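Now for the letters of each chain:
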Amino acid sequence: MVKLYDHKKIEKKWQTIWEKKGVYKTLNNSKKKKYYSLIEFPYPSGDGLHVGHPRPYIGMDIISRKRRLEGFNVLYPIGWDAFGLPTENYAIKTGKDPRMVTKKNTDTFRRQIKSLGISFDWSREINTTDPKYYKWTQWIFLQFFKKGLAYKTKKDINWCPKDKTGLADEEVVNGCCERCGTAVEKREKEQWMLAITKYADRLDKDLDTVDYLPQIKLGQRNWIGRSEGAEIEFKISTPSGVQHPTIVKVFTTRPDTIFGATYVVLAPEHELVQKLTAQIKNWDEVEKYIKETKNKTEIDRNVEDKIKTGVELKGVKAINPATKEEIPIWIADYVLATYGTGSIMAVPADDARDREFAEKFVLPIVENYTKAGFEDFGKKITTFKLRDWVFSRQRYWGEPIPVIYCEKCGMVPVPEKDLPLILPKVKNYQPTDSGESPLANISKWVNVKCPKCKGNAKRETDTMPNWAGSSWYYLRYTDSKNKKEFASKKNLKYFTPVDWYNGGNEHTTLHLLYSRFWHKFLFDLNLVPTSEPYKKRTSHGMILGEGGVKMSKSLGNVINPDDIVKTYGADTLRLYEMFMGPFDQSVAWSTESIIGSRRFLERIWNLQYKIQKNKKYVEFEIEKTIKKVSSDIEDMKFNTAVSTLMIFINEIGKLESISENAYEKFLKILSPFAPHIAEELWQILGHQKSINLESWPVSDFSKIQDEEIKIAVQINGKVKAEIMIMLNDDEEIVKKKAFANKTVLKQVVDKEVRKVFFVKNRLINIVV
RNA sequence: GCCCAGGUGGCGGAAUUGGUAGACGCGAUAGACUCAAAAUCUAUUGAUGGCAACAUCAUGAGAGUUCGAUUCUCUCCUUGGGCACCA
């Protein structure tokens, strides 16, 4: 009797059974080798899941399921990165408690993700907004604080006037807020900083030790911006020829061009400018310029772009150590205070920017100068573009920074026994223009006793950026319920590092770099066993709306996976998302094309009525299929893996029957892609145990011989005929067969054969 | 401006890394089944010419290397993405 493929019934049935039996629960104490696969945990937005979310989850699910069948104890966890602005802005608008909003959103996300049959170990679920979790985020922050790597400083920061919060450099895109697009202003504010620059060198170098996609390594390297050069000292003189005691250090990657250096430029913020006030004759003009640049926003600097401005420091000169000549000193905002030494020697003959500046202000340009040896002047130094990480946010929905200001004792960390420092409830979530967090309004919370002297003290009211919780979450999964430590040493030792981490390209310079930094810091404190968190990192492409535009609520082109699961089933959705295009590239969604994946599953379903004893042809086909599918999964070429499965089914469709042996192997390699239908068909075969407990088939060609294959015959590089040969036939045999072919004969008969090229099992090319 | 990654049928995309270009899927056309439609099955489906076997042209454009190039080299056009006065 033929049964219809009822995806609703089958998928619900197996999801319930798997959960009940805990099939995907990861053991902490297993004799098996571990495998840790990781996806970037989602931000549970109010819009719910859209079809783009699950793509990486499905991809890593396929890897994880294959690893389980290969005998690994697989850790494949999930959680929620739930602090952040969208939830807070929603709370401001509606007056609802962000905790409730988060609860509702995560409930929706959880239900939706569960409906896809992804083999997450839900028992390890974490949530960054849970005090039991952020206790440890705060604890790690205190370790940074104690080591002096979290420090407070007054500085110009990127301020978003709309979100009313400071931003990290990484969160500023083209001078605008990454999130809302508002032009970023400069504001002088006391800010918490994390000294990521202390790790710049190792963050760069250790990329050699990990297996990241080349473009990811490149992205990180460019952002860190390591640059080797020299620091050269220029002495300063006053016009009477008197040497001034100060010197200016310039940074250059081209010390060999020093004979061409005709002036020196300092960044307007350079400290030396203030020291030379007495000697500078045009101080008014200089001071005015300094003020002007300070008031320029990032965007102003961009718009005015390549138009160079600057002022000469009259009354002082620098002495070129190579030519011994006196050369002018300028200040200009094309020289950045934060890079190198904040000052340069200008070589207008060699550098386009210096040339432009020299031409505008009529400064000497010396062409054809002598090249100096690299080592002759100055000393070698390495500098980085990377800057320290602005770690304060003046917003509500984040981890409170656990520090207390005491009038007597200064900054005092909240004692570890008082952690978590719970984020208090407030009446109003609205941030203030004064740049203070809404927490500042809760006097009961702000005014505390100093933990040291018990005197009057105030709490820090800034919160952490939402990158904080995600900088270490992968460690928590190894031991998510631990109350004494962020994770036990034992579990960390067994599970870390993450073996394979897949995520979005947009996190290359943010999350990925931050979490490597935190990890290295914890490693230095001997709190984690490895110096790198992730062994391997790959990335996935986005799913775009129909027609290739971004899916967005405002365009109304968002596809909700619920609808697809309902009409076609989770297995169809999974298969389609893997089949639609290369995993690492963006692909446009097409509801029209889904039907192909569904038809494929139906054909598999109907195959159960064709199972029979051995047939040789099918044996060869299945071994080929296993080989290709196995290697495609490892390369994340899921699209061609699915197509290989389809080809197999098409071949079988032409035959009367399929051997039970081949069929079982097929179900096993299908199961990572379409776990529900594979499990159902497995059970129909009479198996008591889950297909999840089987082992991954290894392709075996040893029994296969005398296979007949088709190859091409070319004449002068053009395909003229096809001939049948036996697999691995050698050149002589193939040549004979080729010349026996009628069409070949016709073309060759009256011509001289000059040469024959033979590629085994592929083609033969006759040059005439 | 600089650095990456792309450009292949009507559409999404394959091509064992120098070896039969267009796998697989969608769509389309015709036929079978049906009172009919849907579903399913069968066949065809890069373009041009021809009744035909077949021929010619085709992987953004142009050159080159090679018996043979989507693949390698150079120049240019173009689409995404990243960085953007980083000395």
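Placed above this text is the structure.
Residues numbered from 1 in each chain as written. Chains lettered and ligands numbered in written order. Predicted model: local features only at pLDDT ≥ 70, side-chain atom pairs only at ≥ 80, totals over all residues. Heavy atoms only, no water.

**Looking at the packing of helix α22 (residues 660–670) against helix α23 (residues 675–684)**
Step number 1: Two elements in contact, α22 and α23, have axes separated by 8 Å at closest approach and are oriented at 150°. Taken together, the axes of α22 and α23 are roughly antiparallel relative to one another. Relative to α23, the crossing made by α22 is left-handed. On α23, the residues that touch Y663, E664, L667, K668 and L670 of α22 are I677, A678, L681 and W682.
Step number 2: Here the residues of the contact of α22 with α23 are counted per class, giving seven nonpolar, no polar and two charged. (Axes fitted to C-alpha atoms, helices over the stretch in contact; angles between N-to-C directions. Helix = DSSP H or I, 4+ residues; strand = E, 2+ residues; numbered from the N terminus. Parallel < 35°, antiparallel > 145°, perpendicular 65-115°, else oblique. Left-handed = near helix turned anticlockwise from the far one by under 90°. Contact = heavy atoms within 4.5 Å. Nonpolar A, V, L, I, M, F, W, Y, C, P; charged D, E, K, R; others polar.)

**Comments concerning empty space enclosed by the protein**
Regions of empty space are outlined by a rolling probe, equal in size to a water molecule, passed over the atoms.
Step number 1: This model, assessed by the stated rule, comprises one cavity of 30 Å³ or more.
Step number 2: Counted as a void, the largest cavity has a volume near 160 Å³.
Step number 3: What lines the largest cavity is a set of 17 residues, among which G84, L85, R393, P465 and N466 lie closest to the centre.
Step number 4: Contributions of two or more residues to the lining of the largest cavity are made by α3 (85–94) and β6 (165–167).
Step number 5: For the lining of the largest cavity, the element with the highest residue contribution is β6, accounting for three residues.
Step number 6: Of the residues in the lining of the largest cavity, the class split is six nonpolar, six polar and five charged. (1 Å grid on protein atoms, 1.4 Å probe; cavity = no way out; pocket = protein on both sides within 12 Å on 5 of 7 lines; lining within 4 Å. Points joined across faces, edges and corners; volume = space filled by probe spheres on them.)

**Observations concerning the protein's contact with RNA strand B**
Step number 1: Neighbouring RNA strand B are 47 residues; K308, Y339, R353, R762 and N765 lie closest to it.
Step number 2: When the atoms of RNA strand B within 4 Å of the protein are sorted by group, sugar and phosphate make up 59%.
Step number 3: In the model, a base oxygen of RNA strand B is placed 2.4 Å from a nitrogen or oxygen of the K308 side chain.
Step number 4: Taken together, the residues of the surface near RNA strand B sort by class into 20 nonpolar, 13 polar and 14 charged. (Near = heavy atom within 4 Å. Polar contact = N/O pair within 3.5 Å; in protein donor to acceptor, adjacent residues only side chain to side chain.)

**A closer look at unusual backbone geometry**
Step number 1: Of note, the amide linkage connecting L419 to P420 takes the cis form, showing an omega dihedral of 0°.
Step number 2: Its location among the elements puts P420 in the loop between β20 (410–413) and α12 (443–446).
Step number 3: The residue after T496, namely P497, is reached through a cis peptide bond having omega 0°.
Step number 4: Structurally, P497 is set in the loop between α15 (489–495) and β23 (500–503).
Step number 5: For N761, which is not glycine, the phi dihedral falls at a positive 60°.
Step number 6: Classification of N761 as partly exposed rests on a relative accessible area of 22%. (Buried < 20%, exposed > 50% of the residue type's maximum accessible area, 1.4 Å probe, protein only.)

**Digging into the nonpolar core**
Step number 1: Ranked by size, the top nonpolar core spans 79 residues in total, and within it F141, W389, F486 and W518 carry the most contacts.
Step number 2: When residues of this core are assigned to their parent elements, the largest contribution, nine residues, is made by helix α5 (residues 131–146).
Step number 3: Aside from chain neighbours lying at most four places away, what touches F486 is W136, W139, W472, L475, R476, D479, L492, L522, L527 and V528.
Step number 4: Ranked by size, the runner-up nonpolar core spans 74 residues in total, among them W80, F120, M578 and I604. (Core = buried A, V, L, I, M, F, W, Y, C linked by side-chain atoms within 4.5 Å.)

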